[in-house]
Amino acid sequence: MAKQKTIITCAITGAIHTPTMSDALPYTPDDIARQAIDAAEAGASILHLHARRPTDGGVSIDPKDFSAFLPRIKQATNAVINISTGGSLKNTIEERIAPALAFSPEMCSMNMGSMNFSFHPLAQRYEAFKFDWEKDYIANSDTYIFRNTFADIGNAATQLAPHGTKFEHECYDVGHLYNLKFCMDIGLFKAPIFIQFIFGILGGIGPEVDNLIFMKRTADRLFGKDYRWSVLGAGGAQMSLASTASQMGGNVRVGLEDSLFIERGKLATSNAQQVAKIRRIVEDLGCTVASPEEAREILALKG
Ligand code: KMH
Ligand code: ZN
């Protein structure tokens, strides 16, 4: 039997890493557009996009900052546009969904639970990532809360529903799958859904293959055939978990939002470099990468 096509999502810049961590992390509209276009040419059929302030690289949820790069990406590629509703840990849900409401994209993210949230400083194994446990993680603990209450999820889902935007349901732990099931049972989301299993965020489930199998089995039990899935391994787990996911019939997400590295201890030079690497692995292992049109069909997007 032919293996299902593998959809590669590339998350171009995100909100966690800072430009001080890597020269490759794009934050001007020019660089975000260029790297997104290159990632699509390298094989990404979905582009997961955040905006940043062009002045200092800080996170922006201002639709104006999205409009500085979105038209250029749309003009140059056929890739599916996926706009983040994650914003920053400081933003309200109303602020976070403003860009998706403004641009009505084919996809947007939908975070499925509240949690402590940071990248895992020890998992990065990179000496430039200095951190002070007491100062950064204890004294500032409150700033690491990622709020996604049922009311937030309900508000976002209700306001976005008329747009027909497909959600990338970000599930950072097994409990988030149960939150998602509950939301489906009360009619907030309709099948078929698309789940991003996320591993290796400090505050979520760890990046072990056992956990991937556990998440997949739980989702099978809760959603039957009514879901498609993808895997995002943060930091050092990015390539290995994505490779495993593709062999299990899943889709994959890479990009500098999720990891700044191309291999252990070596920073990636671009998003396209990570896309090219996962594409090579996926194809070497016998899978075929989905085109944007195939991704639209597999995920039942509005097109
Ligand atoms: N940064 C990822 C771990 C979002 O944009 O809504 C999760 C994410 C969230 O992509
Ligand atoms: Zn994101």
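Up top is the structure these notes are about.
The model shown is predicted, which means the values in this text are computed figures rather than measured ones.

Chemist: Lay out the overall build of the chain with the relevant residues and their values.
Modeler: If you tally the helices and strands in the chain, you get twelve helices and 14 strands. For a compact globule of 303 residues, the expected C-alpha radius of gyration is about 19 Å, and the chain comes in at 18 Å, within 12% of that figure. Expressed as lengths along the three principal axes of its C-alpha atoms, the size of the chain is roughly 45 × 45 × 40 Å. Among the 303 residues that make up the chain, the fraction classed as buried is 55%. Pairs at least 24 apart in sequence give 74% of the contacts found in the chain among residues at least 6 apart. When the accessible surface of the chain is summed, it comes to about 12900 Å², and 53% of that surface belongs to carbon and sulfur atoms. Considering the chain, the positive charge centre built from 30 side chains and the negative charge centre built from 33 side chains are found 4 Å apart.

Chemist: Requested: an account of the site of ligand 1, with residues and values cited.
Modeler: Looking at ligand 1, the residues that line it are I16, H48, H50, S84, G86, S109, N111, E170, Y172, I201, R253 and E257. Within the side chain of S109, one N or O atom sits 2.7 Å away from an oxygen atom of ligand 1. Within the side chain of E170, one N or O atom sits 3.5 Å away from an oxygen atom of ligand 1. In isolation ligand 1 has 310 Å² of accessible area, and contact with the protein removes 96% of it. At a threshold of 2 Å from the grid points, most atoms of ligand 1 map onto the largest pocket. For the shell around ligand 1, a count of residues per class yields three nonpolar, six polar and three charged.

Chemist: Help me get a handle on the packing of helix α1 (residues 29–42) against helix α11 (residues 271–284), residues and values and all.
Modeler: Look at α1 against α11: their axes get within 8 Å of each other, and the N-to-C directions meet at 15 degrees. Taken together, the axis directions place α1 and α11 in an arrangement best described as roughly parallel. With respect to the hand of their crossing, α1 and α11 are arranged in right-handed fashion. Contact residues: α1 offers Q35, D38, A39 and A42, while α11 offers N271, A272, V275, A276 and R279. Its residues assigned to classes, the contact of α1 with α11 comprises five nonpolar, two polar and two charged.

Chemist: Tell me what's going on with the sheet that holds strand β9 (residues 166–171), and back it up with residues and numbers.
Modeler: The parallel closed barrel is built from eight strands, whose spatial order is β1-β2-β5-β6-β9-β10-β11-β12. The average undirected angle you get between the axes of adjacent strands in this sheet is 25 degrees. Relative to strand β2 (residues 46–49), strand β1 (residues 8–11) runs parallel, the two being bridged by three bridges. Each bridged residue has a counterpart across the sheet, and for A11 the counterpart in β2 is H48. Along the sheet face, α11 touches β1 and β12 (251–254) and points at about 160 degrees away from the line of β1.

Chemist: Now, about the coordination of the zinc ion (ligand 2): what can you tell me, with residues and values included?
Modeler: Perfect tetrahedral coordination of a metal by four donors corresponds to 109.5 degrees between them, and perfect octahedral coordination by six donors corresponds to 90 or 180 degrees. The zinc ion (ligand 2) binds to the protein through H48 (NE2), H50 (NE2), E257 (OE) and E257 (OE), with metal-donor distances spanning 2.0 to 2.8 Å. What the six donor atoms of the zinc ion (ligand 2) show is an angle range of 51 to 170 degrees at the metal, which sorts the shape as irregular. Mapping the donors of the zinc ion (ligand 2) onto the primary sequence yields the spacing H-x1-H-x206-E. With a gap of 207 residues between them, H50 in the loop between β2 and β3 (51–52) and E257 in the loop between β12 and β13 (261–263) connect regions that are remote in the sequence. The burial state of H50 is the same as that of E257; both residues are buried.

Reading the values: the criteria
- Each chain carries its own residue numbering, running from 1 in the direction its sequence is written.
- Whichever chain is written first becomes A and whichever ligand is written first becomes 1, with later ones labelled in order.
- Since the coordinates come from a predicted model, pLDDT governs what is reported: local features require at least 70, and pairs of side-chain atoms require 80 or more to be given and counted, while whole-chain, interface and lining totals use all residues.
- Excluded from the side-chain calculations are hydrogens and water; all other atoms, namely the structure's heavy atoms, are used.
- Put simply, DSSP marks the helices as runs of H or I at least four residues long and the strands as runs of E at least two long, and each gets a number from the N terminus on.
- Both definitions apply: the radius of gyration is a C-alpha atom measure, and the globule rule equals 2.2 Å times residues to the power 0.38.
- Exposed residues in this analysis have more than 50% of their type's maximum accessible area, buried residues have under 20%, and partly exposed residues fall in between, with area computed by a 1.4 Å probe over protein chains only.
- Residue contacts are counted whenever heavy atoms from the two residues lie within 4.5 Å of one another.
- Here the accessible surface of atoms and residues is derived via Shrake-Rupley with a 1.4 Å probe, and residues count as covered only by protein chains that are part of the display.
- Charge convention: Lys and Arg are scored as positive, Asp and Glu as negative, and His as well as the terminal groups of each chain are ignored.
- Each charge is placed at NZ for Lys, CZ for Arg, CG for Asp and CD for Glu.
- Here a residue is considered near a molecule or strand provided that any single heavy atom belonging to it is located within 4 Å of it.
- N or O atoms within 3.5 Å of each other form a polar contact, as long as, within protein, one can give a hydrogen and the other can take it, and as long as residues adjacent in sequence are counted only when both atoms are side-chain atoms.
- Think of a 1 Å grid over just the protein atoms. A cavity is a set of points where a 1.4 Å probe fits yet cannot get out, a pocket is an open set with protein on both sides within 12 Å along at least five of seven lines, and lining residues have an atom within 4 Å of a point.
- Pocket or cavity membership: a molecule qualifies when more than half of its atoms sit within 2 Å of the grid points of that site.
- Each residue receives one of three labels: charged for Asp, Glu, Lys and Arg, nonpolar for Ala, Val, Leu, Ile, Met, Phe, Trp, Tyr, Cys and Pro, and polar for the others, Gly being one of them.
- Note on geometry: axes are lines fitted to C-alpha atoms, helical ones only across the stretch in contact, with angles between N-to-C directions running from 0 to 180 degrees.
- Roughly parallel means an angle under 35 degrees; roughly antiparallel means over 145; roughly perpendicular covers 65 to 115; every other angle is labelled oblique.
- Crossing handedness follows the turn of the near helix against the far one: under a right angle anticlockwise gives a left-handed crossing, and clockwise gives a right-handed one.
- Pairing between strands requires that DSSP locate at least two bridges from one strand to the other.
- Metal sites are built from N, O and S donor atoms within 2.8 Å, or 3.2 Å for Na, K and Ca, and they leave out water, so they may look incomplete.
- Key to geometry: four donors with every angle between 85 and 135 degrees are tetrahedral; four donors are square planar and six octahedral where opposite donors lie over 155 degrees apart and all remaining angles lie between 65 and 115; all other sites are irregular.

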